[in-house]
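As a plain string of letters, each chain reads:
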Amino acid sequence: MKKKFQSEIFNLLLKKGIENFIGVPDSTFKYFISEGLKQKKIMISTREEEAIGIATGMSLSDSKSLVFMQNAGFANSLSTITSLVQLYNIPIIFLIGWRGYLSGDAPEHKKIGEIQPDLIKILKLPSKVITEKNWKNACLWAIKKNQNNTACVLIIRREFLD
């Protein structure tokens, strides 16, 4: 996804009330993170579970949060999502980079890329894949879920190889 769209996604979410952007960096959304760093709104964590814990605390104090991670980190954090976020209805927006989406991606991304959609469905997390055509509607949908105290997932496909 182009720099322009990732910057616009960040700014729309900020404008609509997301105050905290916490996570583990992924080059899939490097421009999203760069925009947040410019505005001093990004908090980098060392693990996805740590980011979820910080976002949960902030959400409990009525400070809306988004957690960003790549899909391998999403798989690592399933227990935290089910036993904390879902159990206590914590309204977090998850932004997940979909590595393994392209067939030529690195072998370590292939399996998680194949099963990511199923994992999200099994957890019954509402989700939308963000594209350059639907990004605004997808973000507004996530904001509405957040306002209704529902966790949800926005997915950015990794459409390049590095």
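See the structure printed just above.
Please read these numbers as outputs of a predicted model, since none were measured by experiment.

Caption draft 1: Main features of the overall build of the protein chain. Counting its regular elements, the protein chain contains seven helices and six strands. When the helices and strands of the protein chain are listed from N to C terminus, the series reads α-β-α-β-α-β-α-α-β-α-β-α-β. Since a compact globule built from 162 residues should have a radius of gyration of about 15 Å, the 14 Å found for the protein chain is in line with a globular shape. Dimensions along the principal axes, computed over C-alpha positions, put the protein chain at roughly 45 × 35 × 30 Å. Per-residue burial over the protein chain gives 48% buried out of 162 residues. Here the analysis covers contacts within the protein chain between residues at least 6 apart in sequence; of these, 76% occur between residues at least 24 apart. Counting every atom, the protein chain has about 8,000 Å² of accessible surface; 52% of that belongs to carbon and sulfur. Both charge centroids of the protein chain, one from 23 positive and one from 15 negative side chains, sit 7 Å from each other.

Caption draft 2: Structural view of the environment of F5. Residue position: F5 is located in helix α1 (residues 3-15). Using a relative accessible area of 14% as the deciding quantity, one classes F5 as buried. Along the sequence, F5 and S59 sit 54 residues apart, while their C-alpha atoms lie 26 Å from each other. Non-local contacts of F5, meaning those with residues more than four positions away in its chain, are made with E132 and W135.

Caption draft 3: Region of the structure containing the environment of T46. Turning to its location among the elements, T46 is positioned in the loop between β2 (42-44) and α3 (48-60). The class of T46 is exposed, set by a relative accessible area of 70%. There is a polar contact of 2.7 Å between the side chain of T46 and the side chain of E50.

Caption draft 4: Seen up close, helix α5 (residues 78-86). Every buried residue of α5 is listed here: T80, I81 and V85. Summarising the axial view, the buried residues of α5 lie within an arc of 95°, below the 170-degree limit, and thus occupy one face. The inward-facing, buried residues of α5 abut α3, α4 (71-76) and β4 (92-98).

Caption draft 5: Representation of the pattern of salt bridges. In total, this model carries two salt bridges according to the counting rule given. For E35, the salt bridge identified is with K38, shortest N-O distance 3.3 Å. One end of the pair, E35, and the other, K38, are both in helix α2 (residues 30-38), three residues apart, so they sit about a helical turn from each other. Its salt-bridge partner being E49, residue R47 comes within 3.0 Å of it at the nearest N-O pair.

Caption draft 6: Expanded view of the packing of aromatic side chains. As enumerated under the stated definition, the model contains five aromatic pairs in all. Centre to centre, the rings of F21 and F32 are 5.9 Å apart; their planes meet at 65°, and the pair counts as edge-to-face. Pair noted here: F21 is in strand β1 (residues 20-23) and F32 is in helix α2, with a separation of eleven residues, a long-range link. Both residues of the pair, F21 and F32, belong to the buried class. Centroid distance F29 to F68: 6.0 Å. Interplanar angle 85°. Geometry classified as edge-to-face.

What counts as what
Residues numbered from 1 in each chain as written. Predicted model: local features only at pLDDT ≥ 70, side-chain atom pairs only at ≥ 80, totals over all residues. Heavy atoms only, no water. Helix = DSSP H or I, 4+ residues; strand = E, 2+ residues; numbered from the N terminus. Rg over C-alpha atoms; globule rule 2.2 N^0.38 Å. Buried < 20%, exposed > 50% of the residue type's maximum accessible area, 1.4 Å probe, protein only. Contact = heavy atoms within 4.5 Å. Areas by Shrake-Rupley, 256 points an atom, 1.4 Å probe, with all protein chains shown as cover. Lys, Arg positive; Asp, Glu negative; His and termini not counted. Charge placed at Lys NZ, Arg CZ, Asp CG, Glu CD. Polar contact = N/O pair within 3.5 Å; in protein donor to acceptor, adjacent residues only side chain to side chain. Arc of directions from axis to C-beta. Salt bridge = Lys/Arg side-chain N within 4 Å of Asp/Glu carboxyl O. Phe/Tyr/Trp six-rings, centres within 6.5 Å; stacked < 30°, edge-to-face > 60°.

Keep in mind these numbers describe shape, not what the thing actually does.
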